[in-house]
Amino acid sequence: MGKQKTKKFAAMKRMISLRDHRIKEKDRAKPKEKKKKDPSALKEREVTKYPSCLFFQYNTQLGPPYHILVDTNFINFSIKAKLDIVQSMMDCLYAKCIPYITDCVMAEIEKLGMKYRVALRIAKDPRFERLPCTHKGTYADDCLVQRVTQHKCYILATVDRDLKRRVRKIPGVPIMYISNHRYNIERMPDDYGAPRF
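All residue numbers here refer to positions counted from 1 along the written sequence of the relevant chain. The predicted nature of this model means local features are confined to residues of pLDDT at least 70 and side-chain atom pairs, given and counted, to a pLDDT of 80 or more, with totals for whole chains, interfaces and linings taken over all residues. Derived side-chain values reflect all non-hydrogen atoms in the structure, with water molecules and hydrogen atoms excluded from consideration.

The protein chain is annotated in an unreviewed UniProt entry as rRNA-processing protein FCF1 homolog from Crenichthys baileyi. UniProt positions are given in the numbering used here, feature names are shortened, and annotations may be inferred rather than shown by experiment. Under the UniProt heading Subunit (unreviewed entry), the entry covering the protein chain gives this text: "Part of the small subunit (SSU) processome, composed of more than 70 proteins and the RNA chaperone small nucleolar RNA (snoRNA) U3." We quote the UniProt Sequence similarities (unreviewed entry) comment for the protein chain here in full: "Belongs to the UTP23/FCF1 family. FCF1 subfamily."

Here is the structure:
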């Protein structure tokens, strides 16, 4: 009894390389020519363009009256803390403040239902400016981040940790938040008249 030869699993036939000298010259694959780098040629690289309103991290477009983009949870937490939004903003910044609400934030509050009807009534206050949204979908966080990136004249008012983390990566955008039953602001340059924290 002889040993039985087992067939190897997934064994492939050995193939000749297309550059092999045994293949006729006309059928042979041509070797790739390496392009020599020209040392005098200009190197192209993509650099992110920063808006002209920024002087390093200092945003020159921020100044009274302040334009404040308001998030859904900021309104809800303000109600819980019994804070008048416009008055508390003025107490925080010592200047006139114009709160702005996007269509996405408005849609998000409307989706929350009857439990948040007080927040909806506050959002429909005539002191709040409405900003129309042209993009698809109603995800408010993406909308706010996009708006803050495009136009550096806004302060973002939010309590959402994830949104704060995203906005901190964008230079020159201050964040307003609620702590100890009052509004505070982070990343606000001292020259604007805002209190230091």
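Focus: the pattern of salt bridges
Salt bridge criterion: a side-chain nitrogen from Lys or Arg within 4 Å of a carboxyl oxygen from Asp or Glu. On inspection of all chains with the given rule, the structure shows seven salt bridges. Between Asp 125 and Arg 127 there is a salt bridge, with its nearest N and O atoms 3.2 Å apart. Through salt bridges with shared partners, a single network forms among Asp 84, Asp 125 and Arg 127.

Considerations on the packing of helix 5 (residues 140-150) against helix 6 (residues 161-168)
Every angle, taken between N-to-C directions, lies between 0 and 180 degrees, and every axis is a line fitted to C-alpha atoms, over only the stretch in contact when it is a helix. Numbering of helices and strands runs from the N terminus, with a helix taken as a DSSP run of H or I at least four residues long and a strand as a DSSP run of E at least two residues long. Taken N-terminus to C-terminus, the directions of helix 5 and helix 6 make an angle of 25°; their axes are 11 Å apart at the nearest point. Comparing their axes, helix 6 and helix 5 come out roughly parallel. Crossing hand, helix 5 versus helix 6: right-handed. Residues Asp 141, Asp 142, Leu 144 and Val 145 of helix 5 form the contact with helix 6, whose own contacting residues are Leu 163, Arg 166 and Val 167. Classifying every residue of the contact of helix 5 with helix 6 by side-chain character gives four nonpolar, no polar and three charged. Working definition: roughly parallel below 35 degrees, roughly antiparallel above 145 degrees, roughly perpendicular at 65 to 115 degrees, and oblique for all remaining angles. The handedness criterion is simple: a crossing whose near helix is rotated anticlockwise from the far helix by less than a right angle is left-handed, and one whose near helix is rotated clockwise is right-handed. Any two residues having at least one pair of non-hydrogen atoms within 4.5 Å are treated as being in contact. By the convention adopted, Pro, Cys, Tyr, Trp, Phe, Met, Ile, Leu, Val and Ala count as nonpolar, Lys, Arg, Asp and Glu as charged, and the other residues, Gly among them, as polar.

Quick word on the pairing of strand 6 (residues 154-157)
Neither face of strand 6 is left uncovered, since the one carrying Tyr 154 and Leu 156 and the one carrying Ile 155 and Ala 157 both have all their residues buried. Any two strands are treated as partners once DSSP identifies two or more bridges connecting them. In this sheet, strand 6 lies alongside strand 3 (residues 66-70) in parallel orientation, the contact comprising four bridges. Across the sheet, residue His 67 finds its bridge partner in strand 6, namely Tyr 154. Alignment of strand 6 against strand 7 (residues 175-179), held across two bridges, turns out to be parallel. Within strand 7, the position partnered with Ala 157 by the bridge is Met 176. A crossover links strand 6 with its parallel partner strand 7, the connecting element being helix 6, and its sense is right-handed. Buried residues are those whose accessible area, probed at 1.4 Å on protein chains only, stays under 20% of the maximum for their type, while exposed residues exceed 50% and partly exposed ones sit between those limits. When the strands point away from the viewer, a crossover counts as right-handed if the path from the first strand over the helix to the second runs clockwise.

Focus on helix 3 (residues 103-111)
All of the buried residues along helix 3 are Cys 104, Val 105, Met 106, Ala 107 and Ile 109. Elements that come into contact with the buried residues of helix 3 comprise strand 3, helix 1 (72-80), strand 4 (97-102), helix 4 (117-123), strand 5 (129-131) and helix 5. Two residues or fewer past helix 3, Gly 113 is found with a positive phi of approximately 90°.

Some thoughts on the sheet that holds strand 3
Read across the open sheet, the six strands follow the order 5-4-3-6-7-8; overall the sheet is mixed. Edge positions in the sheet fall to strand 5 and strand 8 (182-186), since each of these pairs with one other strand and no more. Recorded for the sheet is a direction-independent mean angle of 35° between the axes of neighbouring strands. Relative to strand 4, strand 3 runs parallel, the two sharing four bridges. If you follow Leu 69 over to strand 4, its bridge partner there is Tyr 100.

Overview of the UniProt feature "domain: PIN" (unreviewed entry) in the protein chain
As annotated in UniProt, the feature "domain: PIN" (unreviewed entry) corresponds to residues 66-165 in the numbering used here. Along residues 66-165, the helical share is 50% and the strand share 18%, with 22 Å between the first and last C-alpha atoms.

Things to note about the state of the cysteines
Note on terminology: disulfide denotes any pair of cysteine sulfur atoms within 2.5 Å. Tallied over the full model, the rule gives zero disulfides. Unpaired in this structure, Cys 97 has its nearest cysteine sulfur neighbour in Cys 92, at a distance of 7.7 Å.

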